[in-house]
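Each chain, letter by letter, is given below.
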Amino acid sequence: MIAPLSFYLILSAVLFTVGAVGVLVRKNPLVMFMCVELMLNAANLSFVAFARYLGSVAGQVFVFFVMTIAAAEVVVGLAIIVTIYRSKANVDVDEMSTLKG
Amino acid sequence: MPTLELAIFATIGLVATFAAAMVVLARKAVYSALFLVLNLFCVAVLYLSLSAEFVAAVQILVYAGAIVVLFLFVITLLNPREEESPSRLKGQAPLAIALGLALLVELALALTGTWAPSGIAASAPPPLPAGDNVRAVGQLMFTDYLLPFEITSILLLIALLGATVLAKGRSRGRRAGS
């Protein structure tokens, strides 16, 4: 017998919170991006847990789409970060306070 | 009486939480990326325990195998300094941790409090349907969810174009025009 649903949900909540605190605390945009991926991952875990416990595969299909969208988001986000790095030497979100590029 | 499954869940859950915490706390960005890989692998094992084999394989292929590799490429390309200067707000880190704890309590109450009365949170999962998981996911994706599937292919094309335009930069355009 696998772990009950509430265990998976609480683990998902913990991972989501760790990712959220990471986005708030860190200043390196790459690490902030990785914490966003942590949050997406935690949401995927709760999707799959519900898919198992409700007997529907639709949760796993949704996880597939979330992963695809996360990949597209990472591609564009990293391209933006590389573009910003071209004009400024140090990548620090606190100093990127103006939209002037 | 804890069974083997519960012990595996506890171990993998602890490793995943530790890896997530180290993603946030690691000094160098490369260490954060490697701890993210560990976290992704732990979550893939949890998917396997939930009998979602297709999603577990896709997680390792796409997330750990492509997205984190992209991160590592950009990290080694940018080569940031390890030390981060202290943030402008003095009490930002403790405030973030306090808000994070509040979020955690809210999420835990919302997720388990809602589902506990109907009994689904503590009951055993329903028996697995016959046939393999990939076939079930494929049958659902290409019938009910065909439109989102096609739209994600367009989305990937848009992301590809956007990244290419962003990576091209402005200098090549000027040189071609003059």
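Note that the structure is predicted; figures quoted are calculated from it, not measured.

(A) Highlighting the overall build of chain B. In terms of regular secondary structure, chain B is built from seven helices and zero strands. The secondary structure elements of chain B, listed N-terminal to C-terminal, are α-α-α-α-α-α-α. Looking at the 178 residues of chain B, the share that counts as buried comes to 28%. In chain B, 47% of the contacts between residues at least 6 apart in sequence involve partners at least 24 apart. Of the roughly 11200 Å² of accessible surface on chain B, 72% is carried by carbon and sulfur atoms.

(B) Quick peek at helix 6 (residues 146-168) of chain B. Between its terminal C-alpha atoms helix 6 of chain B stretches 34 Å, which fits the 33 Å expected from 23 residues at 1.5 Å a residue. Taken as a whole, helix 6 of chain B has its buried residues at Thr152(B), Ala159(B) and Ala163(B). Looking at the buried positions of helix 6 of chain B, the neighbouring elements they touch are helix 3 (58-87) of chain A. Count one or two residues on from helix 6 of chain B and you reach Gly169(B), which has phi positive near 80°.

(C) Examining the packing of helix 2 (residues 29-53) of chain A against helix 1 (residues 4-25) of chain B more closely. Packing of helix 2 of chain A against helix 1 of chain B leaves a shortest axis separation of 9 Å and a crossing angle of 160°. Looking at the two axes, helix 2 of chain A sits roughly antiparallel to helix 1 of chain B. Relative to helix 1 of chain B, the crossing made by helix 2 of chain A is left-handed. Contacts between helix 2 of chain A and helix 1 of chain B pair Val31(A), Met34(A), Cys35(A) and Leu38(A) from the former with Ala20(B), Val23(B) and Val24(B) from the latter. When the residues that make up the contact of helix 2 of chain A with helix 1 of chain B are grouped by side-chain class, the tally is seven nonpolar, no polar and no charged.

(D) A look at the confidence of the model for chain B. All names here are of chain B. On average, chain B scores 84 in pLDDT, and the residues at 70 or more come to 81%. The least confident element of chain B is helix 7 (residues 171-177), whose mean pLDDT is 49; the most confident is helix 2 (residues 29-49), at 95. Confidence drops under a pLDDT of 50 for residues 173-178, and excluding neighbours within four residues, the segment shows zero contacts in the predicted structure. Interface predicted TM-score (ipTM) for the complex: 0.90; the corresponding pTM is 0.87.

(E) Fine view of unusual backbone geometry. Residues and elements named next belong to chain B. The phi angle at Ser51 is positive, at roughly 60°, despite the residue not being glycine. Tracing the backbone through its elements, the reader meets Ser51 in the loop between helix 2 and helix 3 (53-78). Classification of Ser51 as buried rests on a relative accessible area of 16%.

Analysis parameters
- Numbers given for residues are sequential positions, taken from 1 along each chain in its written order.
- All chains are assigned letters beginning at A, and all ligands numbers beginning at 1, according to the order in which they are written.
- Owing to the predicted nature of the model, reporting of local features is limited to residues with pLDDT of at least 70; listing and counting of side-chain atom pairs is limited to 80 or more, with chain, interface and lining totals taken over all residues.
- Only hydrogens and water are removed before side-chain values are computed, so all heavy atoms of the structure are retained for them.
- Secondary structure is summarised from DSSP: a helix means a run of H or I of at least four residues, a strand means a run of E of at least two, and numbering begins at the N terminus for each.
- Under the scheme applied here, a residue whose accessible area is under 20% of the maximum for its type counts as buried, over 50% as exposed, and between as partly exposed, the area being computed with a 1.4 Å probe on protein chains only.
- Working rule for contacts: check all heavy atoms of both residues, and any pair within 4.5 Å makes them a contact.
- Exposure was quantified through the Shrake-Rupley algorithm and a 1.4 Å probe, taking into account, for residues, occlusion by the shown protein chains and nothing else.
- Multiplying one less than the number of residues by 1.5 Å gives the expected span of a helix.
- Interaxial angles span 0 to 180 degrees and are taken between N-to-C directions of axes, which are lines fitted to C-alpha atoms, for helices over the stretch in contact.
- The labels follow the angle: roughly parallel below 35 degrees, roughly antiparallel above 145, roughly perpendicular from 65 to 115, and oblique for the rest.
- For a crossing to be left-handed, the near helix must be turned anticlockwise from the far one by less than a right angle; the clockwise case is right-handed.
- All residues other than Ala, Val, Leu, Ile, Met, Phe, Trp, Tyr, Cys, Pro, Asp, Glu, Lys and Arg, Gly among them, are scored as polar; the first ten of these are nonpolar and the last four charged.
- The predictor rates its confidence in each residue with pLDDT, a number between 0 and 100.

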